[in-house]
Amino acid sequence: AMPLDSSLVSLLTLSLGFVGLAANSVLILAILLRTPLNMRVYSRLLLALAVCDLAGVLAMMLSITEENLFSTASILHFHGVCTSVGVDFCCVLFGVQEHMYSATSMLLSVSFAYRLRALDLNSNYKKGEAVSIPTFLLLFDVLS
C-alpha cells in the first residue's frame, strides 16, 4: 500500500475528530437536558458511551497516530500536538484511544441488549424467539 502523506493523515484525523466532538457534545447535552424520566437508565448507558467516545476522539486528535503494520511489528508515527510534550504522552494517548474503542463497543452492545430486553418484555414473543442478553454479549465478545 502506498503510504499517505502525514499532512493528509492529520487532515483526515482532525476532520473526523471535529465531527466526533460535535456529535458527542450534542448527544451529551441532549441526554443531560432532555431525557424523560422513563428513559433514565437507558440514557445513562448512552451517556457513558458518549463520554467514552469523546475521550477517544480527543486522544485521537491530540496524538494523530499513523500506524504502519509489518508481519512482526507495528510502528507508530505521532503527528499531533502530543509530540510537543513527549513520546510517552503520545503513547498514553494512543492507549486511551485504543481502550476507548473497546469500551464504546462494549457499551454500545450493552445498550442494544438493554433496549432489546425492554422491547422483548413489552412484546408477545415466545421464549424461544427472543435473543437473550448473554447470547448478545457473547456475540460481542467473539466479534471484538
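Residues numbered from 1 in each chain as written. Predicted model: local features only at pLDDT ≥ 70, side-chain atom pairs only at ≥ 80, totals over all residues. Heavy atoms only, no water.

**Some details on the overall build of the protein**
Scanning the protein from N- to C-terminus turns up 4 helices and 2 strands. Walking the protein from its N terminus toward its C terminus, one meets helices and strands in the order α-α-β-β-α-α. Contacts in the protein between residues far apart in sequence, at least 24 positions, make up 58% of those at least 6 positions apart. Total accessible area computed for the protein in this model is approximately 9,900 Å², and 68% of it derives from carbon and sulfur atoms. (Helix = DSSP H or I, 4+ residues; strand = E, 2+ residues; numbered from the N terminus. Contact = heavy atoms within 4.5 Å. Areas by Shrake-Rupley, 256 points an atom, 1.4 Å probe, with all protein chains shown as cover.)

**Focus on the UniProt feature "transmembrane region" (unreviewed entry) in the protein**
The UniProt record marks residues 12–33, 45–64 and 76–96 with the feature "transmembrane region" (unreviewed entry), using the residue numbering of this structure. From the first C-alpha to the last, residues 12–33 spans 32 Å; its make-up is 100% helix and 0% strand. Structurally, residues 45–64 is divided into 95% helix and 0% strand, and its ends, taken at the C-alpha atoms, are 28 Å apart. (UniProt positions renumbered as here; feature names shortened; annotations may be inferred.)

**Things to note about the nonpolar core**
Within soluble globular proteins, side chains that are nonpolar generally end up buried alongside one another. Residues A59, F78, C82, C90, L93 and F94 constitute the largest nonpolar core, which totals 6 residues. For this core, the element with the most residues is helix α3 (residues 87–121), which contributes 3 residues. Contacts of C82, omitting those with residues within four sequence positions, involve L62, S63, F89, C90 and L93. Judged by nonpolar contacts, the second largest core, of 5 residues, contains L49, C52, A103 and L107. (Core = buried A, V, L, I, M, F, W, Y, C linked by side-chain atoms within 4.5 Å. Buried < 20%, exposed > 50% of the residue type's maximum accessible area, 1.4 Å probe, protein only.)

**Comments concerning the state of the cysteines**
Counting across every chain of the model gives 1 disulfide. Disulfide pairing is shown between C82 and C90; the S-S distance is 2.0 Å. Sign of the S-S torsion, about 105 degrees for the bond between C82 and C90, identifies this disulfide as right-handed. Considering cysteine sulfurs only, C90 is the nearest to C91, which forms no disulfide, with 6.9 Å between them. (Disulfide = S-S within 2.5 Å.)

**A few points about the side chain of E66**
As for its position among the elements, E66 is in strand β1 (residues 65–69). A polar contact of 2.8 Å, which involves the side chain of E66, links it to the side chain of H79. (Polar contact = N/O pair within 3.5 Å; in protein donor to acceptor, adjacent residues only side chain to side chain.)

**Topic: the pairing of strand β2 (residues 74–78)**
One ladder, built from 5 bridges, connects β1 with β2; its direction is antiparallel. Counterpart to E66 in the pairing with β2 is H77. Where β1 hands over to β2, the hairpin turn is made up of 4 residues, counted between the paired strands. (Pairing = 2+ DSSP bridges.)

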